[in-house]
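Here is how the chains run, residue by residue.
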There are 2 protein chains.
Amino acid sequence: MTDRYAEHRRVARDLGVDAIALVPGFNFERLFNARFGSHERPMVIIIPANGAPVALVPNLELLSFAELGFEGRVFDWRDQVGYTDAFTAMAAHLPLKSLAVEGQVMRVFVHHALAAAYPGLRIVDAEKQISGLRLCKTEAEIAALTRAIRLSEAALAETVAEVKVGMTEKAIESLLVSALFRNGAEGLSFGSIVAAAGNAAMPHAHARDVAIKAGDALLIDFGGRKDGFAADITRTFFVGHADDRAHQVYDTVLRANLAGFKVTKAGVTAHQIDDAVISVLEASPFADYIRTKTGHGLGRDVHEAPYIMRGNHEVLAAGTVYTNEPGLYIPDEIGVRIEDDVLVTDGGCISLTQYPKTLTVIG
Amino acid sequence: MTDRYAEHRRVARDLGVDAIALVPGFNFERLFNARFGSHERPMVIIIPANGAPVALVPNLELLSFAELGFEGRVFDWRDQVGYTDAFTAMAAHLPLKSLAVEGQVMRVFVHHALAAAYPGLRIVDAEKQISGLRLCKTEAEIAALTRAIRLSEAALAETVAEVKVGMTEKAIESLLVSALFRNGAEGLSFGSIVAAAGNAAMPHAHARDVAIKAGDALLIDFGGRKDGFAADITRTFFVGHADDRAHQVYDTVLRANLAGFKVTKAGVTAHQIDDAVISVLEASPFADYIRTKTGHGLGRDVHEAPYIMRGNHEVLAAGTVYTNEPGLYIPDEIGVRIEDDVLVTDGGCISLTQYPKTLTVIG
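Everything numeric in this text was worked out from a predicted model, so none of it was measured.

(A) How the structure looks around the state of the cysteines. Residues and elements named next belong to chain A. Counted according to the given criterion, the structure contains zero disulfides over all chains. There is no disulfide at Cys136, and the cysteine sulfur nearest it, in Cys349, is 15 Å away. The partly exposed category is assigned to Cys136, whose relative accessible area is 40%.

Here it is as structure tokens:
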């Protein structure tokens, strides 16, 4: 029988720790094909390098948890009693001296509960190694991500067809989100960015109750979720018309985006891709307005490894998906970003995003 | 001039720690009236018991951060360089021996970065005290929450009007979410639960591609966000018809919900409310099917203090908002939950939720 924990046990052995802890989140979801909330209730799975796993589960979740076919002991706890005793009982059942955790997922209250139940426990942040198991996507995972991207593109096309001068950023966001769910999204990858003119110069801007005007750049960064995977797409449109400077900025960003595609194939490093992309921006008259790296890995999480930036000499393998999203951000004037979701292959790469990226005037 | 950090400084002094750390999340949002993402990039505000605050901010966020009018030194860091040096510089600028953090918000990687920059730092989980500042809502906050609830109720009414036997749970969820944004939601409070028959017996069920049948109970637990606040409402409908047992279960849950309203006023404890509500369920023929406490605080976060459960002898003050959401969950058969958002007042309480809760047959 296959051990579904084999790769986690290998990570534990490679790190020289007794076990791996998973809390609800994307690593958990990939392993069990099930999603659990978290909030104020701790829930932890501990997978030792050898032997049966154990779980600490809120009583409220026991019925859902039973569907996972979990192989080990389960220590449940009720809201009325609290979780301290369950952690203690778990520690008595499975003593540990060292434990690797997902440092960007586990929160401090769970860290403290583990530290209290296991005096002297060495807690290692193994975010990179544990989430690293998600780096190379399977064919089924790429198909799910592609479904998320297709429905997101359909929603964008329907939204853009309705945009008119004078609409607010918030009204456009509302159209977009409705279109995403209408097209089958199970959720939003993240809070969409719909930002015009100077607001688009804020890389993580939020939509405002401000009307778009002719001549504005309109940046839309968004995505829908499907079958556990998250699309992440940005297109920048121009409302009514685009002046020469807008063309120049846009063309520069587009050339940077295309340079990323040209250099991508299995075996290149994240550094090499970012260097190819950012060099185009640096060689332009807009070099002062670079504020971001090329992009980030994409999959179940909308921001995951590998981070496509200079200094990251990680070699990309076939099956990796990353966002190629160069941008230029001129304060109080304009923000342009073009973002595609790129699948790394042996010979090169494939853009999973197919929405056109030639300069487009709308409204 | 008013010190906007006064209450945080007071918490630090009460706890006997040198400072409070805030990371992006609801406490941060309440203090600065601004929202920041977080993901893989640490961002921390440190508010000392006395003296100027400091901030550690990703370079990418500097423009947005500048809008906060932050009063202290800012240590920014770039993706290409990493954040270790910025933490070290911050520690040199503001030495600390003890620090209170939001244990349910701060993640382990930030905890580790702080611990590395401040050797010997005592890190205290002060989730309760820091988030406790959000317990009593102002009039403006109650107005915002009420707007979130009204738009959610409008969305529910529009959705229910379209439900027909044979629709899948997922199709109903999609109708609901579209209606939320159409009615002005800025986002979803949480991933909606739309669950029929046995699936509704799972308190945190997800919508499935399964069609609803005549005689099913259909549980809908959902909410939209508005102006920073999150609605959280559950209604349970019956598809086509409701048999005697369905009526009995529903009436029991409704009586429990009403018992909660009857006992609520400023000065009672969370324990007293839960005891009043759960006692009704316990005295019924369905006592074996109680799986949850009465509810939780509601505001910017959809699950916040106070937790309305036996054993929590916290006294509720006027201005507190909590969810009154008793339920009965009979495995493989039926789940019924009725959830209102309740504002505690001096003389009693007000249901911010106004959607009818008499047994309703739909489809």
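(B) Region of the structure containing the sheet that holds strand E10 (residues 224-226) of chain A. Residue and element names in this part refer to chain A. Here we have three strands laid out as an open sheet, ordered E7-E10-E11, and antiparallel in their pairing. Of all the strands in the sheet, just strand E7 (187-188) and strand E11 (229-230) have a single pairing partner and so form its edges. With two bridges connecting them, E10 and E11 associate as antiparallel partners. The partner of Lys226 across the bridge, within E11, is Phe229.

(C) How the structure looks around the domain arrangement of chain A. Residues and elements named next belong to chain A. What the domain assignment reports for chain A is domain 1 (6-134) and domain 2 (139-362). The distance between the C-alpha centroids of domain 1 and domain 2 comes to 35 Å. Across the boundary between the two partners, domain 1 contributes six residues, which contact seven residues of domain 2. For the pairing of domain 1 and domain 2, the buried interface totals around 640 Å² over both sides, and the portion due to carbon and sulfur atoms is 43%. In terms of surface lost to domain 2, no three residues of domain 1 exceed Phe26, Arg30 and Arg134, which account for 62% of the buried area on that side. The interface formed by domain 1 and domain 2 includes two salt bridges.

(D) Focus on the relation of the copies chain A and chain B. Placing chain A over chain B gives an RMSD of 0.0 Å and needs a rotation angle of 180°, together with 0.0 Å of translation along the axis. Those values place the two copies in the arrangement expected of a two-fold rotation axis. Of the C-alpha atoms belonging to chain A, the one lying closest to the rotation axis is found on A:Arg107, 2.0 Å away.

(E) Examining the packing of helix H8 (residues 169-182) of chain A against helix H8 (residues 169-182) of chain B more closely. Where H8(A) contacts H8(B), the axes come no closer than 9 Å and their chain directions differ by 175°. What the angle tells us is that H8(A) and H8(B) run roughly antiparallel. On H8(B), the residues touching A:Ser174, A:Val177, A:Ser178, A:Phe181 and A:Arg182 of H8(A) are B:Ser174, B:Val177, B:Ser178, B:Phe181 and B:Arg182. Class assignment of the residues belonging to the contact of H8(A) with H8(B) gives a composition of four nonpolar, four polar and two charged.

(F) Spotlight on the packing of helix H5 (residues 108-117) of chain A against helix H5 (residues 108-117) of chain B. The N-to-C vectors of H5(A) and H5(B) enclose an angle of 70°; their axes lie 8 Å apart at closest approach. Classified by the interaxial angle, the pair formed by H5(A) and H5(B) is roughly perpendicular. Contact residues: H5(A) offers A:Val108, A:His111 and A:His112, while H5(B) offers B:Val108, B:His111 and B:His112. Looking at side-chain class alone, the contact of H5(A) with H5(B) contains two nonpolar, four polar and no charged residues.

(G) Local environment of the confidence of the model for chain A. On average, residues of chain A score 95 in pLDDT, and 99% of them reach the 70 mark or higher. The ipTM for the predicted assembly is 0.86, set against a pTM of 0.87.

(H) Focus on the sheet that holds strand E11 (residues 229-230) of chain B. All names here are of chain B. An order of E7-E10-E11 is seen for the three strands of this open sheet, with the pairing classed as antiparallel. Strands at the two margins of the open sheet, each flanked by one partner only, are strand E7 (187-188) and E11. Pairing of E7 with strand E10 (residues 224-226), which is carried by two bridges, proceeds in the antiparallel orientation. Paired with Leu188 across the two strands is Gly224, which belongs to E10. Strand contacts of helix H7 (residues 139-160): E10 and E11, with the helix running at about 145° to E10, the strand carrying the most contacts.

(I) Structural view of the pattern of salt bridges. Taken as a whole and assessed by the stated rule, the structure comprises 44 salt bridges over all chains. We note a salt bridge from A:Glu282 to A:Arg310, for which the minimum N-O separation is 2.8 Å. With A:Glu282 in helix H10 (residues 270-282) and A:Arg310 in the loop between strand E14 (304-308) and strand E15 (321-324), this residue pair connects regions lying 28 residues apart in the sequence. Its relative accessible area of 38% is what places A:Glu282 among the partly exposed residues. Close ionic contact of B:Lys213 with B:Asp216 constitutes a salt bridge, the shortest N to O distance being 3.1 Å. Residue classification places B:Asp216 among the buried residues on the basis of a relative accessible area of 6%. Connected through shared salt-bridge partners, A:Arg134, A:Lys137 and A:Glu304 make up one network.

(J) Summary view of the packing of aromatic side chains. Residue and element names in this part refer to chain B. Per the counting criterion, the structure on display carries 22 aromatic pairs over all chains. The interplanar angle of 55° and the centroid separation of 5.3 Å between the aromatic rings of Phe65 and Phe70 together place this pair among those described as tilted. The buried category is assigned to Phe70, whose relative accessible area is 14%.

(K) Region of the structure containing the interface of chain A and chain B. Contacts between the two partners involve 49 residues from chain A, matched on the other side by 49 residues from chain B. Interface area, chain A with chain B, both sides summed: about 4400 Å², of which 55% is carbon and sulfur. On the surface where chain A and chain B come into contact, there are two salt bridges. The residue A:Glu186 makes a salt bridge to B:Lys170 at a minimum N-O spacing of 3.4 Å. Taken together, the links from chain A to chain B amount to 20 residue pairs in polar contact (both at pLDDT 80 or more). Looking at the side of chain A that touches chain B, the elements that each hand over two or more residues are helix H3 (62-66), H5, strand E6 (122-125) and H8 of chain A. Residue contributions to the side of chain A that touches chain B peak at seven residues, all from H8(A). A breakdown of the residues in the side of chain A that touches chain B according to their chemical character gives 18 nonpolar, 14 polar and 17 charged.

(L) Broad picture of the environment of A:Arg208. Residue and element names in this part refer to chain A. With respect to the secondary-structure elements, Arg208 resides in the loop between strand E8 (193-196) and strand E9 (217-222). Overall, Arg208 belongs to the partly exposed group, its relative accessible area being 32%. When the C-alpha atoms of Arg208 and Thr88 are compared, they prove to be 49 Å apart, with 120 residues separating the residues in sequence. In this structure, Arg208 is in contact with Thr168, Glu169, Lys170, Ala196 and Asn199, ignoring residues within four places of it in sequence.

(M) Region of the structure containing H10(A). Residues and elements named next belong to chain A. With 13 residues, H10 should reach 18 Å at 1.5 Å per residue; the first-to-last C-alpha distance of 18 Å fits that figure. Taken together, the buried positions of H10 are occupied by Ala270, Ile273, Asp274, Val277, Ile278, Val280 and Leu281. Considering only its buried residues, H10 is in contact with helix H9 (244-263), E14, E15 and strand E16 (327-330).

Definitions and limits used
- Residues numbered from 1 in each chain as written.
- Chains lettered and ligands numbered in written order.
- Predicted model: local features only at pLDDT ≥ 70, side-chain atom pairs only at ≥ 80, totals over all residues.
- Heavy atoms only, no water.
- Disulfide = S-S within 2.5 Å.
- Buried < 20%, exposed > 50% of the residue type's maximum accessible area, 1.4 Å probe, protein only.
- Pairing = 2+ DSSP bridges.
- Helix = DSSP H or I, 4+ residues; strand = E, 2+ residues; numbered from the N terminus.
- Domains from an automatic or database assignment.
- Contact = heavy atoms within 4.5 Å.
- Buried area = accessible area lost by both parts, 1.4 Å probe.
- Salt bridge = Lys/Arg side-chain N within 4 Å of Asp/Glu carboxyl O.
- Least-squares fit on C-alpha atoms with pLDDT ≥ 70 in both.
- Axes fitted to C-alpha atoms, helices over the stretch in contact; angles between N-to-C directions.
- Parallel < 35°, antiparallel > 145°, perpendicular 65-115°, else oblique.
- Nonpolar A, V, L, I, M, F, W, Y, C, P; charged D, E, K, R; others polar.
- pLDDT = per-residue confidence, 0-100.
- Phe/Tyr/Trp six-rings, centres within 6.5 Å; stacked < 30°, edge-to-face > 60°.
- Polar contact = N/O pair within 3.5 Å; in protein donor to acceptor, adjacent residues only side chain to side chain.
- Expected span 1.5 Å × (residues − 1).

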